[in-house]
Amino acid sequence: MKTRITELFGIQHPIIQGGMHYVGFAELAAAVSNAGGLGLITALTQRNPEALANEIRRCRAMTDKPFGVNLTFLPTVSSPDYPGYIRAIIDGGVKAVETAGNNPQKWMPMLHEAGIKVIHKCTSVRHALKAEAIGCDAVSVDGFECGGHPGEDDVPNFILLPRAAEELRIPFVASGGMADGRSLVAALALGADGMNMGTRFIATQEAPVHARVKEAIVAASELDTRLVMRGLRNTERVLHNAATDRLLEKERTLGSALKFDDIIEEVAGVYPRIMQQGDMDAGVWSCGMVAGLIHDVPSVKELIDRIMAQAHDIIAKRLSGMLQA
Ligand SMILES: Cc1cc2nc3c(=O)[nH]c(=O)nc-3n(C[C@H](O)[C@H](O)[C@H](O)COP(=O)(O)O)c2cc1C
C-alpha cells in the first residue's frame, strides 16, 4: 500500500508502532520495521543518552529497515538530557523521530538539519495545526480512546480524524483504538494516511514485556480502562487494577486538593515492576480501550500481514462489491 506516510518514512505498510515506556526496546522496534512498518525505540526508557545510543546500535543489528525513536517531552521541572538524547539519535543515523508531550519547536532545526523526519503526536486539531506551523513533517492524531495521555478535550477519533483532515495539509496517522485491517481502512476513509498502534503491539510475541502483561491485555474488555489524574490535567488512560482503584479513591477523597505527591506510589517508577517483573498491581499503566479488540498474541509479522490482508479484502471485496450492486 502506498500513502504519504509510506513515502515519507520509506516503509512498506502505513503502520507505526508508537513510543511506549518500558515496551519500546530494540526488539519490538526491529520486529515492526522488519515486518514493513515503522518501529520506534522509546528514548526516555533508556536511562541516559549513552544507553540510547547503544539501543539504537542493537536495533540496527536486528534490522536493515528504517526505524525511529520516540522522544517524549515531559511537563516536569527537572528535564531529562534532551540535547544528549537528540545527539544520540543524530549520531546513530536515525531518520525518523516521533515527538510527544510538549511542543518540539526548540529542537526542530537540529532534527531537520540532520535529515530527520519528525512526526508529532497530539490529541487535538489545534495542536496538530501548531505542529504543522512549526515545520513537523507529519502528525499522529491520538483520539480519546488511546492508551496513555489522551489530553483533556475528550474527542474520539470518529470526530477528531475527519476534523484533522479538514484542517491539515501535512499527512497524519490515526492513533488510539487501532487494532486490525478494519481500523486501517476506517482511518484511511476518515482522511488519515496510516495508523499508529500502541496497546495492540504490546500483545505480540516480540514485545519484550512479561507474559502477564500480554495476558492482561487479552483478558481485558473495552470496559476495563480508567482515566486517572484528570484533576491534575495530566489525564492518563490505564488498565483497571488494584492500583487504579487506590488512586481513584485518593482522587475522590482529596478532590481539588490532590497533588502529584499524593499519588506518587501509584505512578512513579512503576513501569519496570509491571513490564519486566509482571507485578500487575504495582501501579497504574497505560492501556487503550482497544484491549477489547485484542484476543491473541501473534508475532509482529503475523499481525501486520493479517492487518494488510484484511484491509485489502475490505477495500477490494467488501467495499467495492457494494458499489457494484
Ligand atoms: C504502555 C504504554 C506506554 C506508553 N508510553 C508512551 C510514551 O512513553 N511516550 C509516548 O509518546 N506515548 C506513549 N504511549 C502512547 C502510545 O505511543 C500510543 O500513542 C497509544 O498507545 C495509542 O493508543 P492505543 O493504545 O489505543 O493504540 C504509551 C502507550 C502505552 C499503552
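Everything numeric in this text was worked out from a predicted model, so none of it was measured.

Conventions we followed
- Residues numbered from 1 in each chain as written.
- Predicted model: local features only at pLDDT ≥ 70, side-chain atom pairs only at ≥ 80, totals over all residues.
- Near = placed C-beta within 6 Å.
- Helix = DSSP H or I, 4+ residues; strand = E, 2+ residues; numbered from the N terminus.
- Nonpolar A, V, L, I, M, F, W, Y, C, P; charged D, E, K, R; others polar.
- Domains from an automatic or database assignment.
- Core = buried A, V, L, I, M, F, W, Y, C linked by C-beta atoms within 7 Å.
- Buried ≥ 20, exposed ≤ 12 C-beta atoms within 10 Å, placed from the backbone.
- Axes fitted to C-alpha atoms, helices over the stretch in contact; angles between N-to-C directions.
- Parallel < 35°, antiparallel > 145°, perpendicular 65-115°, else oblique.
- Left-handed = near helix turned anticlockwise from the far one by under 90°.
- Contact = placed C-beta atoms within 7 Å.
- Arc of directions from axis to C-beta.
- Pairing = 2+ DSSP bridges.

> Teacher, can you tell me more about the site of the ligand here?
Within the structure, the ligand sits among 29 residues, and Gly18, Ala100, Gly147, Gly198 and Gly288 are positioned closest to it. Where the shell around the ligand is concerned, the elements lending two or more residues are strand E3 (67–73), strand E8 (195–197) and helix H9 (199–202). Classifying every residue of the shell around the ligand gives nine nonpolar, 16 polar and four charged. Built from parts of two domains, the shell around the ligand gets at least three residues from each of domain 1 (4–208) and domain 2 (211–289).

> Whenever I open this one, the nonpolar core confuses me. Can you help?
If you look at soluble globular proteins, the nonpolar side chains tend to sit buried side by side. With 92 residues, the main nonpolar core has Ala29, Ile41, Val139, Val141, Met195, Ile202 and Ile217 as its most contacted residues. There are two domains that each give this core at least three residues, and those are domain 1 (4–208) and domain 2 (211–289).

> Explanation requested: the domain arrangement of the protein in the structure shown.
By a frequent convention, interface size equals the accessible area lost on bringing the separate parts together. Under the domain assignment used here, the protein contains domain 1 (4–208) and domain 2 (211–289). Taken over C-alpha atoms, the centre of domain 1 sits 23 Å from the centre of domain 2. Residue composition of the side of domain 1 that touches domain 2, by class: seven nonpolar, nine polar and two charged.

> How should I be thinking about the packing of helix H3 (residues 49–62) against helix H4 (residues 82–91) in this particular structure?
A pair of packed helices is captured by two measures, namely the crossing angle of their axes and the spacing between those axes. Axis separation between H3 and H4 bottoms out at 8 Å; the angle between their running directions is 25°. By the angle between their axes, H3 is roughly parallel relative to H4. As H3 packs across H4, the resulting crossing turns out to be right-handed. Side by side, H3 and H4 meet where Pro49, Leu52, Ala53 and Ile56 of the first sit next to Gly84, Tyr85, Arg87, Ala88 and Asp91 of the second. When its residues are assigned to classes, the contact of H3 with H4 shows six nonpolar, one polar and two charged.

> I tried to follow H4 on my own but got confused; where do I start?
Those residues of H4 that sit buried are Tyr85, Ile86, Ala88 and Ile89. Projected down its long axis, H4 carries its buried residues within an arc of 155°, all on one side. Exposed residues lying more than 90 degrees from the buried face of H4 are Pro83 and Asp91. Of the surrounding secondary structure, the elements contacted by the buried residues of H4 are H3, E3, strand E4 (96–101) and helix H5 (108–113). Immediately beyond the C-terminal end of H4, within one or two residues, lies Gly93, with a positive phi of roughly 75°.

> How should the sheet that holds strand E7 (residues 172–175) be read in this particular structure?
What links the strands of a sheet is backbone hydrogen bonding, and the strands pair in either a parallel or an antiparallel sense. One open sheet holds the eight strands; their spatial order is E1-E8-E7-E6-E5-E4-E3-E2, and the pairing between them is parallel. Only two strands of the sheet have a single neighbouring strand rather than two, namely strand E1 (15–17) and strand E2 (39–42). Averaged over all adjacent pairs, the angle separating strand axes in this sheet is 30°, with direction ignored.

> Help me understand the environment of Phe73, please; the structure alone is not making it clear to me.
You can see Phe73 is positioned in strand E3. The class for Phe73 is partly exposed, based on 18 C-beta atoms found within 10 Å. Separated by 29 residues in the primary sequence, Phe73 and Leu44 place their C-alpha atoms 9.3 Å from one another. Filtering out sequence-adjacent residues up to four positions away, Phe73 remains in contact with Thr99, Gly101, Asn102 and Pro104.

> I'm lost on unusual backbone geometry in this one. Help?
Peptide bonds are mostly trans, and most non-glycine residues show a negative phi. The phi angle at Asp154 is positive, at roughly 60°, despite the residue not being glycine. The topology assignment puts Asp154 in the loop between strand E6 (138–142) and helix H7 (157–167). Unusually for a residue other than glycine, Met229 sits at a positive phi of about 65°. Note on placement: Met229 falls in the loop between strand E9 (225–228) and strand E10 (236–239).

> Sorry, what's going on with the packing of helix H8 (residues 181–189) against helix H14 (residues 300–324) here?
With their axes 7 Å apart at the nearest point, H8 and H14 run at an angle of 55° to one another. Here H14 runs oblique to H8, going by the angle between their axes. Here the hand of the crossing between H8 and H14 comes out right-handed. Facing H8, whose interface residues are Gly181, Arg182, Leu184 and Val185, H14 presents Ile307, Ala309, Gln310, Ala311, Ile314 and Ile315.

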